[in-house]
Amino acid sequence: RGGTLCRNFLAASRRRARLFRPVDGPRENLNMSAASCATRASASARGDGARGARRFATRSRTSTAHRARAIALSAEQESDNQTRVKVLSEALPYLQRFAGQTVVVKYGGAAMKSEELKAAVIRDVVLLSTVGIRPVLVHGGGPEINAMLNRVGVEAKFLNGLRVTDAQTMEIVEQVLTGRVNKSIVSLISCAGGKAVGICGKDGNLLRGVVKSEELGFVGDVTQVDTRLIRELVNVGYIPVVATVAMDANGQALNVNADTAAGAIAAKLGAEKLILMTDVPGVCTDKDDPNTLIRELTMKETEEAIAKGVIAGGMIPKVECCMTSITNGVKSAHIIDGRAKHSLLLEILTDTGVGTVITSPVVAV
């Protein structure tokens, strides 16, 4: 019996030993796993710290760049504001001088081809009206007429720079000028916040004329101007927009040069200024070099420039139109580049202007 008890005791001891050994193994593994986790956690913390530092540095650089751009934009805006204030300050005496005065603007050329330029010119006209100047807009429409003639299969013909206008061409000229072109300008003025009324030389007997020559067909010279309708419109705050279609004594429509019509209207109104918007900077001693622009001419100097050939070609009729208008009562006439943005405002409201001004001689009292 004693031997049996000893054997049972030893067997139980071995079973307990086997039971306890597995426990010791996992404990050691657990301790090792804890150490490993701690190591990994420490490494992870160091990695997160480095990444965090990099992110912070990136944010700092971005923030600094944003602040630098903001400062640059602020400085640029301040410079723009200073420029605007300077322009307004320089314009003040001209605004005071021309308030209530009539300025006749002949609008045509490249300034009518570009939608961007067209909108800019119209905004400038509306601005002049808003500050108390009384603009009258006289327009042609050569490119639009040519486009319509091409569309209907009629060949455009010119003689000495003037459009040969037979009966069919005259019908198209009248439709384009008094319809599409005139009303599009009126619409642009309305959209820019102004008030405009579109008329032509037939309305209110504004422009009467006679045929210039049989060779040219229905091309007219202005013989009579009645500006009562224009005065009525201007007096109630409207901008008259005039299409240059006149009529003869029998009511026949006549195609009148826009420069000539604008000059005649300006003279009859006793306008402060006549401004011809063209495709050149003004009168230049070298027509191919805008740096040779002549800023100011008297009537005598203009006559001498024509005699010497300084003024030649297509510039001669424009200059003669200016001289005729001055002789008949306009204070000054200007030739400016309608392609230059805001050239109208710069010519009227700044000290130097941008084109050529022709002035009447000062009479000593």
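Preceding this paragraph is the structure being described.
Residues numbered from 1 in each chain as written. Predicted model: local features only at pLDDT ≥ 70, side-chain atom pairs only at ≥ 80, totals over all residues. Heavy atoms only, no water.

Novice: Can you help me understand the overall build of the chain in this one?
Specialist: Each helix and strand counted, the chain has 9 helices and 14 strands in total. Here the chain holds 365 residues, and the buried ones make up 38% of them. Put simply, of all contacts in the chain between residues at least 6 apart along the chain, 72% involve residues at least 24 apart. Accessible surface computed for the chain: about 20400 Å², of which carbon and sulfur atoms make up 55%. (Helix = DSSP H or I, 4+ residues; strand = E, 2+ residues; numbered from the N terminus. Buried < 20%, exposed > 50% of the residue type's maximum accessible area, 1.4 Å probe, protein only. Contact = heavy atoms within 4.5 Å. Areas by Shrake-Rupley, 256 points an atom, 1.4 Å probe, with all protein chains shown as cover.)

Novice: How should I be thinking about the sheet that holds strand β5 (residues 196-200) in this particular structure?
Specialist: Within a sheet, each strand pairs with its neighbour through backbone hydrogen bonds, oriented either parallel or antiparallel. Read from one edge of the open sheet, 8 strands run β5-β8-β2-β1-β11-β13-β14-β12, paired in mixed fashion. Each edge of the open sheet is held by one strand with a lone partner, namely β5 and β12 (296-298). Put simply, the sheet's adjacent strands are angled 20° from each other on average, direction ignored. Looking at chain direction, β5 and strand β8 (residues 239-243) are connected through 5 bridges and run parallel. Bridging across to β8, alanine 196 finds its partner in isoleucine 239. (Pairing = 2+ DSSP bridges. Axes fitted to C-alpha atoms, helices over the stretch in contact; angles between N-to-C directions.)

Novice: I would appreciate a short explanation of the packing of helix α6 (residues 258-269) against helix α8 (residues 315-327) in the present structure.
Specialist: Relative orientation and spacing of two packed helices are given, respectively, by the angle between their axes and the distance between those axes. Running from N to C, α6 and α8 cross one another at 10°; their axes reach a closest spacing of 9 Å. Taken together, the axis directions place α6 and α8 in an arrangement best described as roughly parallel. Together, Asp259, Thr260, Gly263 and Ala267 of α6 and Lys318, Cys321 and Ser325 of α8 make up the contact between the two elements. Looking at the contact of α6 with α8, its residues break down into 2 nonpolar, 3 polar and 2 charged. (Parallel < 35°, antiparallel > 145°, perpendicular 65-115°, else oblique. Nonpolar A, V, L, I, M, F, W, Y, C, P; charged D, E, K, R; others polar.)

Novice: Where do I start with the environment of glycine 217 in this structure?
Specialist: With respect to the helices, strands and loops of the structure, glycine 217 is situated in the loop between β6 (207-211) and β7 (219-225). When the C-alpha atoms of glycine 217 and asparagine 255 are compared, they prove to be 9.2 Å apart, with 38 residues separating the residues in sequence. Those residues in contact with glycine 217 that lie beyond four places of it in its chain are Thr165 and Val211.

Novice: So what exactly am I meant to see when it comes to the nonpolar core here?
Specialist: Side chains that are nonpolar tend, in soluble globular proteins, to be buried together. Tyr107, Leu137, Ile185, Ile189, Leu344, Ile348 and Leu349 are the most contacted members of the largest nonpolar core, which totals 42 residues. It is helix α4 (residues 167-191) that contributes the most residues to this core, 9 residues altogether. Leaving out residues up to four positions away in the same chain, tyrosine 107 has contacts with Met112, Lys118, Val121, Leu137, Val138, His139, Gly140, Ile185 and Met277. (Core = buried A, V, L, I, M, F, W, Y, C linked by side-chain atoms within 4.5 Å.)

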